[in-house]
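# Chain and residue survey
Given next are the chains, with one letter for each unit.
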Amino acid sequence: MIASETIPQRLHKAIRRDRFLLLLVVPAIVYYVVFHYLPMYGVIIAFKQFSPAKGILASPWVGLKYFEQFFGSVYFGRVVRNTVLLSAYTLLFGFPVPIVFALILNELRRPGFKRVVQTISYLPHFISVVIVVGMVVNLFAMRGGIVNNVIEYFGGERINFLMDPRYFRSLYVGSEVWQTFGWNSIIYFAALAGIDADLYEAARIDGASRVRQMWHVSLPGVLPVTMILLIIALGNLMSVGFQKILLLYNPSTYSVADVIATYTYRRGILNFEYSFGAAVGLFNGVINMAVLLAMNKISRAVAQISLF
């Protein structure tokens, strides 16, 4: 009778069999360990009065001092409100656009034209945030901006878009949607490509129009992917695009543009208050995790779709 293999023996055999595939995963594992897991040790400075000279371990404990400072700050309500609103607007206007774009483009019957449109839609993703902000400034500048030139040409008065708080959120959300919708649509194209062609054939036999096929076949086909991406997006609710806001905002728009990330940057980096910055960052991460877990549970209960 042949003795059954032990777990270590089976593991060794699997590693030998898939060793080349496992080698492909090593760089990703190293990246996450070095840049995501090891730095988590430094989060304890949120509970210490950190001094670079003393180091993390030797710095004195202060407990929840910096959390209390943040919650009691006159800017707490403003930065949390701006963070949630900017993230919510970006999600509200930006999340459906890639889905609609993929569904419409999927209905085209000219493969060459479809590939050209897809390629063009991907291009903004590869443009640096600095360049995108520069384009926004050139378009909406008070003097010399193309939009203001057009307004003045038709008899209107120039508008100071970049200095007026009323326009900041529209500029941010609009530029964000333009830059990301093409790239974000890739996963929906992949999901649409995986739908069984027989379902479309059956719908056509039943007399369904192109719109009905899209509604009853295409949309249900991408629903699982949509729900997963929505959960992930909601899990990043408190993580608004820091770089673009930092480049686009100015003191006159702080009232609507200052978010948790930019406030932390000014207090934690520019003012050398590292412990305060770590405390605010930890608060941000905890809120994101709580929202992610809540939405994952709701999605599992309502749609039987979840991350875990």
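Residues numbered from 1 in each chain as written. Predicted model: local features only at pLDDT ≥ 70, side-chain atom pairs only at ≥ 80, totals over all residues. Heavy atoms only, no water.

## Considering the overall build of the protein
Along its length, the protein carries 17 helices and zero strands. A compact globule built from 308 residues would reach a C-alpha radius of gyration of about 19 Å, whereas the protein, at 25 Å, exceeds it by more than 25%. Taken over the C-alpha atoms alone, the protein extends approximately 85 × 65 × 35 Å along its principal axes. Within the span of the protein, comprising 308 residues, buried residues form 34% of the whole. (Helix = DSSP H or I, 4+ residues; strand = E, 2+ residues; numbered from the N terminus. Rg over C-alpha atoms; globule rule 2.2 N^0.38 Å. Buried < 20%, exposed > 50% of the residue type's maximum accessible area, 1.4 Å probe, protein only.)

## Side note on the pattern of salt bridges
In the structure shown here, the tally under the stated rule is nine salt bridges. One salt bridge connects Arg267 with Glu273, and the closest N-O pair in it is separated by 2.8 Å. Looking at Glu273, the relative accessible area reads 27%, which means it is partly exposed. One connected set of salt bridges, linked through shared partners, spans Arg78, Asp258 and Arg266. (Salt bridge = Lys/Arg side-chain N within 4 Å of Asp/Glu carboxyl O.)

## Points about the packing of aromatic side chains
Overall, the coordinates contain 24 aromatic pairs when judged by the stated rule. Here Phe50 and Tyr274 contribute two aromatic rings whose centre-to-centre distance is 6.2 Å and whose plane-to-plane angle is 75 degrees, an arrangement assigned as edge-to-face. A residue pair is termed long-range when its members are at least 10 positions apart, and Phe50 in the loop between helix 2 (19-37) and helix 3 (55-58) and Tyr274 in helix 17 (residues 274-303) qualify at 224 residues. Under the relative-accessibility criterion, Phe50 is labelled partly exposed at 24%. One residue, Lys244, lies across the ring of Tyr172, its end atom 5.9 Å from the ring centre. (Phe/Tyr/Trp six-rings, centres within 6.5 Å; stacked < 30°, edge-to-face > 60°. Lys NZ or Arg CZ within 6 Å of the ring centre and 35° of its normal.)

## A word on the packing of helix 6 (residues 96-106) against helix 11 (residues 186-193)
In a pair of packed helices, the angle between the axes and the distance between the axes together describe the arrangement. Contact pair helix 6 / helix 11: the axes reach a minimum separation of 9 Å and the direction vectors enclose 45 degrees. The orientation of helix 6 with respect to helix 11, classified from their angle, is oblique. Relative to helix 11, helix 6 is oriented so that their crossing is right-handed. Across the interface between the two elements, Pro98, Ile99, Phe101, Ala102, Leu103, Leu105 and Asn106 from helix 6 touch Tyr188, Phe189 and Leu192 from helix 11. Considered class by class, the residues forming the contact of helix 6 with helix 11 number nine nonpolar, one polar and no charged. (Axes fitted to C-alpha atoms, helices over the stretch in contact; angles between N-to-C directions. Parallel < 35°, antiparallel > 145°, perpendicular 65-115°, else oblique. Left-handed = near helix turned anticlockwise from the far one by under 90°. Contact = heavy atoms within 4.5 Å. Nonpolar A, V, L, I, M, F, W, Y, C, P; charged D, E, K, R; others polar.)

## Description of the side chain of Asn148
By the secondary structure assignment, Asn148 is in helix 9 (residues 146-153). On the basis of relative accessibility, which here comes to 0%, the residue Asn148 falls in the buried class. The residues contacting Asn148, other than those within four sequence positions of it, are Leu139, Phe140, Ala141, Met142, Arg158, Ile159 and Phe161.

## Some thoughts on helix 4 (residues 65-72)
For helix 4, the full list of buried residues reads Tyr66, Phe67 and Phe70. Within helix 4, the buried residues cover an arc of 105 degrees as seen down the axis, which keeps them to one side. With respect to the buried face of helix 4, the exposed residues turned more than 90 degrees away are Glu68 and Gly72. (Arc of directions from axis to C-beta.)

## Section: the side chain of Ser185
Looking at the element boundaries, Ser185 is found in the loop between helix 10 (165-184) and helix 11. Residue contacts for Ser185: discarding those within four places in its chain leaves Pro98, Phe101, Ala102 and Tyr122.

## Description of the environment of Phe308
Position of Phe308 relative to the elements: it lies in the segment after helix 17. Separated by 15 residues in sequence, Phe308 and Leu293 have C-alpha atoms that sit 9.4 Å apart. Look past the residues within four positions of Phe308 in its chain and what remains in contact with it is Leu293, Asn296 and Arg300.

## Some remarks on the packing of helix 6 against helix 13 (residues 210-235)
Where helix 6 contacts helix 13, the axes come no closer than 11 Å and their chain directions differ by 135 degrees. As summarised for this structure, helix 6 and helix 13 are arranged oblique, according to the angle between their axes. Read as a crossing pair, helix 6 and helix 13 show a hand that is right-handed. Every residue of helix 13 that contacts helix 6 at Ile99, Leu103 and Asn106 is listed here: Met214, Ser218, Leu219 and Thr226. In the contact of helix 6 with helix 13, the residues fall into four nonpolar, three polar and no charged.

## Considering the confidence of the model for the protein
Per-residue confidence for the protein gives a mean pLDDT of 89, with 99% of residues at or over 70. Within the protein, the lowest mean pLDDT, 85, falls on helix 1 (residues 7-17), and the highest, 94, falls on helix 10. (pLDDT = per-residue confidence, 0-100.)

## Some details on the environment of Met142
Mapped onto the secondary structure, Met142 falls in the loop between helix 8 (129-140) and helix 9. Residues Met142 and Asn160, spaced 18 residues apart in sequence, show a C-alpha to C-alpha distance of 5.0 Å. With near-sequence residues (within four places) excluded, Met142 lies in contact with Asn148, Arg158, Ile159 and Asn160.

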